[in-house]
Structure formats: structure tokens, C-alpha cells
Amino acid sequence: MSMPFNPGRMPKIDEDMTSLSNHVGQIAETQLKHTAMLERHTVYHREHRTELAAIRTELAEFRHVVETRFLTLEDDVTGLKTDMADVKQTLAVILSRLPEQRTA
């Protein structure tokens, strides 16, 4: 059983193939754009991760410097308190050796 020849059918097939070809072209173009966006995103993501790692390292180093400074300040304050206690004790000894003065 063969199909009868229908001359009007050929233009419709050509039109459908042209339409299909256009759609496939648009899909391919969109896919290329999306691929380019994903590649850029991947590059930006890698750069961002690298920058974050550098910032974390810098922050850790800064934290260490600040902690060292605070420890030094605490030691200085402790030393100052000790020095002031010694000065008070020395003044107390000096004052105890002075003769009493009568108040008018």
C-alpha cells in the first residue's frame, strides 16, 4: 500500500524543517550563552574562594598580633601595679621616718 503523491505536502514539510532548524539554532545559541555564564560563574567562584582564604589568613595573622599586643599590655599593667605598690611602700617607709610636724 503506497501513499498517494500529494504535491501540496512538500512545502509543509519544508516549512516544518525550516522551523525546526530555527528552533534548534536558538536552543544551541541559548546553550552557548548558558555555558559561558556557567564558566564565568565558576571562575568568579574560584576567585572568591581564593580571596576568602587570603582574608581568613590575614585575619588570623592580625588576631595573633592583637592578642600578642594585649598580652604585652596586660604584662605592662601588672608591672605598673607592682611598681606603684613598691612606690607606696617606699613612701610609707619614708613618711614613717620623718618627724611628726605639729599642725597649727
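Residue numbers here run from 1 along each chain, matching the order of that chain's written sequence. Reporting in this predicted model follows two pLDDT cut-offs: at least 70 for local features of residues, and 80 or more for side-chain atom pairs to be given and counted; totals over whole chains, interfaces and linings ignore these cut-offs and use all residues. Heavy atoms throughout the structure, all of them, feed into the side-chain values; hydrogens and water do not.

Caption draft 1: Representation of a nonpolar patch on the surface within the structure. Within this analysis, patches are made of residues with over 30% relative accessible area and no salt bridge. Like charges are joined at 9 Å or less; nonpolar side chains (Val, Leu, Ile, Met, Phe, Trp, Tyr) at 5 Å or less. Note that accessible areas follow from Shrake-Rupley with a 1.4 Å probe, and for residues the cover is restricted to the protein chains shown. Whenever a carboxyl oxygen of Asp or Glu lies within 4 Å of a side-chain nitrogen of Lys or Arg, that contact is scored as a salt bridge. A surface patch of nonpolar side chains, amounting to about 470 Å² of accessible area, comprises Val-87, Leu-91, Ile-94, Leu-95 and Leu-98. Think of it this way: any DSSP run of H or I at least four residues long counts as a helix, any run of E at least two long counts as a strand, and we number them from the N terminus. In this fold, Leu-98 is placed in the segment after helix 1 (9-97).

Caption draft 2: Fine view of the environment of Thr-68. Its location among the elements puts Thr-68 in helix 1. When a residue's accessible area, from a 1.4 Å probe over protein chains only, is under 20% of the maximum for its type it is buried; when over 50% it is exposed; and in between it is partly exposed. Classification of Thr-68 by relative accessible area gives partly exposed; the value is 38%. At 2.8 Å, the side chain of Thr-68 and the backbone oxygen of His-64 are in polar contact. Polar contacts here mean pairs of N or O atoms no more than 3.5 Å apart (in protein, one a potential hydrogen donor and the other a potential acceptor; neighbouring residues in sequence count only if both atoms are side-chain atoms).

Caption draft 3: Structural view of the pattern of salt bridges. Per the counting criterion, the structure on display carries one salt bridge. Put simply, Glu-29 and Lys-33 hold a salt bridge, and the shortest N to O gap is 3.8 Å. Of the two residues, Glu-29 and Lys-33 both sit in helix 1, four residues apart, roughly one turn of that helix.

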